[in-house]
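Here is what each chain is made of, one letter per residue.
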Amino acid sequence: MASGDESAREAVDFDDLRHAERRIAGQVEQTPFLHSRTLSEIAGAQLYLKFENLQFTASFKERGALNRLLQLTPAQLARGVLAVSAGNHAQGVAWHAKRLGAPATIVMPSGTASVKIARTRALGASIVLHGDRFDETHARGAQIAAERGLTTIDPFDDAAVIAGQGTVGLEIARSAHELDDVVVPIGGGGLAAGIAMALHRLRPSVRVVGVQSERFALVHDALCGAKHPLGASTIADGIAVNRLGSITLPLLRRHLDGVLLVDDAQIEQAILLLLEIEKTVVEGAGAAGLAAVLAHPQRFRGRRVGLVLTGGNIDPLLLAAIVERGLARSGRLARLIVDVRDAPGALARVTALLAEERANIEQIHHERAFGTKGAQRVAVEIVVQSESREHVERVLQRLREAGFDARSD
């Protein structure tokens, strides 16, 4: 990317990252950075995973929030701090403010999921709900901070926050793994800027590549001269940022080697792979790096790639839906429509055949009164767990051989 301006150079430099690491040492996790043999085989590249989802609040955001908090004066801590966030930054600020004895106020949009509100409140913060759009929420946060004399902790566009996030890059650089690329999700860009600064100083041969949701591609568009419409939402809500950073953007211009885009379906697939193969739970933003590698195989084939799993705070109901959708896409969950006679024993014959083929029934719907097959026939909808698409075809063939009109839907 293009070289940048001097104001950003003065705002954050490599020494700030080293000071941040010493400052927060022992108060956040030095997370594992491990090779994944199975994901490497799938991707056609050697993949190494940095498990930032194993932080106490399940996100890298703790690092930057803590580094910022530790540089406040006793008077500032006593008055309290404020953050505008509905996600990981909120929890990182709340947790470490509580540890340091500072009152924390978190301003969230009115539509924030109740589970996020409850988690943040459980960490000791006072919650203010305001606004349907983030700009309304941000304006209310600024007003409260001014009225109460609170110190605002920005989620990304702050030198101390960027330096704290950059400690992830220092840990990656010190690892024994030889790397060609590191792929980092980008929302506001604090993490990507910090990691890129660290690696370009300590491992200059490593390419640092950002990844954004195509629905929130502001950094990609700013660096690549493109124009994507801003979306309303994405499964990767941790990187759904609708403003550019005045500090982060120049740093990204100077240090980043590119930005890739992924869509929600690709992110869903990555979440499911990490759950199934690595037995680790990641949120949409945390899976974006793996999604990018799988979506751009030619770019990474045969290379040694580090992926930052930035967080694991995903709603359990959303995770359950992703698992179910993923199973359906892979053929391990299938919906069968079977036409049977409305007579005693007919449905029993169908379920017996399914049992013989080891297709486990998850749901069954036997429509009679509102069916369209006529008074003597019934369309039975059956959701089955299967081994693969090939297994589903074998089940359908067996049903047809037994005289049933059967298809998958």
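Residues numbered from 1 in each chain as written. Predicted model: local features only at pLDDT ≥ 70, side-chain atom pairs only at ≥ 80, totals over all residues. Heavy atoms only, no water.

**Student:** With reference to specific residues and values, describe the sheet that holds strand 10 (residues 304-309).
**Tutor:** Spatially, six strands are ordered 1-2-10-7-8-9 in an open sheet, and the strand pairing comes out mixed. Where the open sheet ends on each side, the last strands, each with one partner, are strand 1 (33-36) and strand 9 (259-262). Within the sheet, the average angular offset between the axes of one strand and its neighbour, ignoring direction, is 30°. Pairing geometry for strand 7 (residues 181-185) and strand 10, over three bridges, is parallel. Across the sheet, Asp181 pairs through a bridge with Val305, a residue of strand 10. (Pairing = 2+ DSSP bridges. Helix = DSSP H or I, 4+ residues; strand = E, 2+ residues; numbered from the N terminus. Axes fitted to C-alpha atoms, helices over the stretch in contact; angles between N-to-C directions.)

**Student:** Describe helix 17 (residues 316-330), and please don't skip the residues or the numbers.
**Tutor:** Compared with the 21 Å implied by 1.5 Å per residue over 15 residues, the 21 Å span of helix 17 between its first and last C-alpha is a close match. Within the span of helix 17, buried status applies to Leu319, Ile322 and Gly326. Viewed end-on, helix 17 has its buried residues packed into an arc of 60°, placing them on one side of the element. Capping the start of helix 17, Asp315 holds a side-chain oxygen 2.8 Å from the backbone nitrogen of Leu317, two or three residues further along. Count one or two residues on from helix 17 and you reach Gly331, which has phi positive near 90°. (Expected span 1.5 Å × (residues − 1). Buried < 20%, exposed > 50% of the residue type's maximum accessible area, 1.4 Å probe, protein only. Arc of directions from axis to C-beta. Polar contact = N/O pair within 3.5 Å; in protein donor to acceptor, adjacent residues only side chain to side chain.)

**Student:** How would you explain the environment of Gln212 if you had to name every residue and give the values?
**Tutor:** Positionally, Gln212 belongs in strand 8 (residues 207-213). A sequence separation of 51 residues divides Gln212 from Asp263, and the C-alpha atoms of the two residues are 8.8 Å apart. In contact with Gln212, not counting residues within four places along its chain, are Ile186, Gly187, Ala217, Leu218, Val219, His220, Ile239, Val259, Leu260, Leu261 and Val262. In terms of polar contacts, Gln212 uses its side chain to reach the backbone amide nitrogen of Val219, at 3.1 Å. (Contact = heavy atoms within 4.5 Å.)

**Student:** Quick one: what's the story with the packing of aromatic side chains, residue by residue and with numbers?
**Tutor:** Using the criterion set out here, one finds two aromatic pairs in the structure. Between the aromatic rings of Phe33 and Tyr48, the centroid separation amounts to 6.3 Å while the plane-to-plane angle is 50°, which identifies the pairing as tilted. One end of the pair, Phe33, is in strand 1; the other, Tyr48, is in strand 2 (residues 46-51), and 15 residues separate them in sequence. Overall, the relative accessible area of 10% leaves Phe33 in the buried class. The buried category is assigned to Tyr48, whose relative accessible area is 11%. A ring pair is formed by Phe56 and Trp95, whose centres lie 4.4 Å apart and whose planes are at 35°; its orientation type is tilted. Pair noted here: Phe56 is in the loop between strand 2 and helix 4 (61-69) and Trp95 is in helix 6 (residues 88-100), with a separation of 39 residues, a long-range link. According to the relative accessible area criterion, Trp95 is partly exposed, its value standing at 21%. (Phe/Tyr/Trp six-rings, centres within 6.5 Å; stacked < 30°, edge-to-face > 60°.)

**Student:** Please set out unusual backbone geometry residue by residue, giving values where relevant.
**Tutor:** For Ala58, which is not a glycine, the phi torsion comes out positive at approximately 65°. Take Ala58: its relative accessible area is 14%, and that puts it in the buried class. The phi dihedral of Arg358 falls on the positive side, at around 60°, and the residue is not glycine. Structurally, Arg358 is set in the loop between helix 18 (346-356) and strand 12 (360-366).

**Student:** Lay out the pairing of strand 5 (residues 126-129) in plain terms, naming residues and giving numbers.
**Tutor:** In the case of a regular strand, side chains alternate between the two sheet surfaces. With four bridges connecting them, strand 4 (residues 104-108) and strand 5 associate as parallel partners. Across the sheet, the residue bridging to Met108 is Leu129, located in strand 5. At this point the chain moves from strand 4, through helix 7 (residues 114-122), to the parallel strand 5, and the crossover so formed is right-handed. (Right-handed = clockwise from strand over helix to strand, strands pointing away.)

**Student:** Give a description of the side chain of Thr112 that names residues and reports values.
**Tutor:** Following the sequence through the fold, Thr112 ends up in the loop between strand 4 and helix 7. Thr112 has contacts with Ala86 and Ile117, leaving out every residue within four places of it along the chain.

**Student:** Which residues make up the packing of helix 14 (residues 264-278) against helix 17, and what values do they have?
**Tutor:** Where helix 14 contacts helix 17, the two axes come as close as 9 Å, and the packing angle between them is 95°. With respect to each other, helix 14 and helix 17 are oriented roughly perpendicular. Residues Ala265, Glu268, Gln269, Ile271, Leu272 and Leu275 of helix 14 form the contact with helix 17, whose own contacting residues are Leu319, Ile322, Val323, Arg325, Gly326, Leu327 and Arg329. Here the contact of helix 14 with helix 17 is built from residues that sort into eight nonpolar, two polar and three charged. (Parallel < 35°, antiparallel > 145°, perpendicular 65-115°, else oblique. Nonpolar A, V, L, I, M, F, W, Y, C, P; charged D, E, K, R; others polar.)

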